[in-house]
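Remarks on the overall topology
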There are 2 protein chains.
Amino acid sequence: MDDDAFDKLVADLRGEDAPRVWSLLVTVFGDMAQDGSSVTSAVLGQITARIGIKPEAMRVALHRLRKDGWIESERRGRGSAYRLSPQGRVESVKASPRIYAREAPEGACWLVLTDPAGQGAAPEGIAWITPNVGVMAGEPQDQDVFATRIGAEADLPAWMRARLCPPELVLLTRTLGDRLDRLTRALTSADQLDPVQEAVLRVLIVHEWRRIVLKLPRLPDQVFPEGWAGALCREAVGALLDRLPQHRPRDLEAALAA
Amino acid sequence: MDDDAFDKLVADLRGEDAPRVWSLLVTVFGDMAQDGSSVTSAVLGQITARIGIKPEAMRVALHRLRKDGWIESERRGRGSAYRLSPQGRVESVKASPRIYAREAPEGACWLVLTDPAGQGAAPEGIAWITPNVGVMAGEPQDQDVFATRIGAEADLPAWMRARLCPPELVLLTRTLGDRLDRLTRALTSADQLDPVQEAVLRVLIVHEWRRIVLKLPRLPDQVFPEGWAGALCREAVGALLDRLPQHRPRDLEAALAA
């Protein structure tokens, strides 16, 4: 695909606000180098440049990620190469199931009440409705908690859905859903993409979805508010990633050298 | 049964604190004259005297009940006769199903969540756990409320049971349970009771139970706290009332005249 056409695709998918560079790099490493592979500054520079990020901003972000212990670096030829630190790998692996999930949690979930006067720790993975009432995908094991199953057929009132996923987040799913839809249609009629273009789109798709999905409570689709497009996003992300090969960093190096 | 033995039964059933006289009279009219029958001051005087209430206290209470519109009075011979007002009958009839119920509400109940930001009326008959979470025996029909069924097998944590029925009320059920148990055993080996004695015991049993049962949330037995004796009380009350005939006021008048 020629550069102009591709830049338009990227601009539409990215939206008006430039992504935070360090966060985008977290996506890059998590998507193409979760196994600890090194990614050269040349490859990172190409990917970020196509997304509209300046070299200086990338260097600052790499410095921050290294300082935070997320990545490690080594000299490689005239540039550097970067890989996830052990801690960065742990965090990436932990987030992956949610980011790459093809299925929602199953239909039933659990309404959980904790003792309003209690001091104990609350169950993990709970989406709070009020300070002592929440919903979670699995049955909590805590003795001191009351939990009752909400069947897949339950119809939650609007106020409850809005507390599980606020309107701002609903809007983000709709906006991304629209962008992914336009991208899917554009790619259907598009020329062949080169490997770096494929990598750029993959990174942006995963990044935009990651920003949303990690904020969503892990709950079955039917508890979300009317107009929520998270399920459509998940499906579109899955279909697009199936279509865009996951290149290894060294393959992208070779493609750049060619 | 001779007077001394009977007074001991009454003293044990009544406990140390004398009942509020107007409230006891509400029980008398509700139990023996809910159909609007008149009860003479002579009959009322005999019943209350056996419970340890002075004539002056009875007169004050009758005055108050008449002023509140609960009862009406008319001259009858050298004394007066009293009957429930239409409003008093409505209230008595309304409370009766709970006071005289032989069965608890069925095993399942509903956990109800109302919108914490909502202004609407909450469902009736709800036992609140927190300001927007409660439990009720039936399914609420309100659109804006979330309700989910709590099965009979559900095991509520202790803090939740204690919010449905506080420790003071649990203690009252235990105390009454013990008294009813002692009365039941005493009556098994007792001499024949006369009609006024039967009426006095009946009134006291209904009265002591009424004071508790109308404070209890109308919920299945299994949601109450450990040590709660409400089910035992209900059973003992039922068995004792089966055994003590419900005399009509005019039969008691006749018995007194005999």
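Refer to the structure presented above.
Throughout what follows, the structure given in this document is the object of discussion. Because the structure is a prediction, the values reported are computed rather than measured. (Residues numbered from 1 in each chain as written. Chains lettered and ligands numbered in written order. Predicted model: local features only at pLDDT ≥ 70, side-chain atom pairs only at ≥ 80, totals over all residues. Heavy atoms only, no water.)

Details of the overall build of chain A
Counting its regular elements, chain A contains 10 helices and 7 strands. Along the first, second and third principal axes, the C-alpha atoms of chain A reach 60 × 40 × 25 Å. Taking all 258 residues of chain A together, 49% fall into the buried category. Contacts spanning at least 24 positions in sequence make up 75% of the contacts within chain A whose residues lie at least 6 apart. A total accessible area of about 13,100 Å² is found for chain A, and carbon and sulfur atoms account for 49% of it. For chain A, the distance from the average position of its 33 positive side-chain charges to the average position of its 36 negative side-chain charges is 6 Å. (Helix = DSSP H or I, 4+ residues; strand = E, 2+ residues; numbered from the N terminus. Buried < 20%, exposed > 50% of the residue type's maximum accessible area, 1.4 Å probe, protein only. Contact = heavy atoms within 4.5 Å. Areas by Shrake-Rupley, 256 points an atom, 1.4 Å probe, with all protein chains shown as cover. Lys, Arg positive; Asp, Glu negative; His and termini not counted. Charge placed at Lys NZ, Arg CZ, Asp CG, Glu CD.)

Digging into the side chain of glutamate 208 of chain B
Residue and element names in this part refer to chain B. When you line up the elements, glutamate 208 lands in helix H8 (residues 195-213). Of note is the side chain of glutamate 208, whose polar atom sits 3.1 Å from the side chain of arginine 211. Not counting the four nearest positions on each side in its chain, glutamate 208 is found in contact with Leu13, Arg14, Leu176 and Arg179. (Polar contact = N/O pair within 3.5 Å; in protein donor to acceptor, adjacent residues only side chain to side chain.)

Observations concerning the packing of aromatic side chains
Residue and element names in this part refer to chain A. Applying the stated criterion across every chain, the model contains 2 aromatic pairs over all chains. On the basis of an interplanar angle of 5 degrees and a centroid distance of 3.9 Å, the ring pair of phenylalanine 224 and tryptophan 228 is categorised as stacked. Take tryptophan 228: its relative accessible area is 14%, and that puts it in the buried class. The side chain of arginine 64 reaches across the aromatic face of tryptophan 22, ending 4.3 Å from its centre. (Phe/Tyr/Trp six-rings, centres within 6.5 Å; stacked < 30°, edge-to-face > 60°. Lys NZ or Arg CZ within 6 Å of the ring centre and 35° of its normal.)

Things to note about the pairing of strand E4 (residues 109-113) of chain A
All names here are of chain A. In terms of residue burial, E4 counts as a mostly covered element, since 5 of its 5 residues are buried. Note that E4 and strand E7 (residues 146-150) share 5 bridges and pair antiparallel. Looking across to E7, one finds that cysteine 109 is bridged to isoleucine 150. Taken together, the 4 bridges between E4 and strand E6 (residues 133-136) define a ladder with antiparallel strand orientation. Directly across from leucine 111, in E6, lies its bridge partner valine 135. (Pairing = 2+ DSSP bridges.)

Observations concerning the pairing of E6 of chain A
Residue and element names in this part refer to chain A. Here E6 shows a buried face lined by Val133 and Val135 and a second buried face lined by Gly134 and Met136. Bridge count for strand E5 (residues 127-130) against E6 is 3 bridges, and the pairing is antiparallel. Across the sheet, threonine 130 pairs through a bridge with valine 133, a residue of E6. Hairpin connection of E5 to E6: 2 residues between the antiparallel strands.

What about the interface of chain B and chain A?
Taken residue by residue, the interface counts 24 residues in chain B and 24 residues in chain A. The junction of chain B with chain A conceals about 1,600 Å² of combined surface from both sides, 75% of it contributed by carbon and sulfur atoms. Contact with chain A buries surface across chain B, with Leu113, Phe146 and Trp159 of chain B losing the most and accounting together for 38% of the total. Between chain B and chain A we count 0 salt bridges in total. (Buried area = accessible area lost by both parts, 1.4 Å probe. Salt bridge = Lys/Arg side-chain N within 4 Å of Asp/Glu carboxyl O.)

Comments concerning the relation of the copies chain B and chain A
The transform that puts chain B on chain A rotates by 180 degrees and translates by 0.1 Å along the axis, for an RMSD of 0.1 Å. Look at the turn and shift together and you get a two-fold axis relating the two. When C-alpha distances to the rotation axis are compared across chain B, the minimum falls at threonine 148 of chain B, with a value of 3.9 Å. The share of interface residues of chain B whose copies in chain A are also at the interface is 100%, consistent with both copies meeting through the same surface. (Least-squares fit on C-alpha atoms with pLDDT ≥ 70 in both.)

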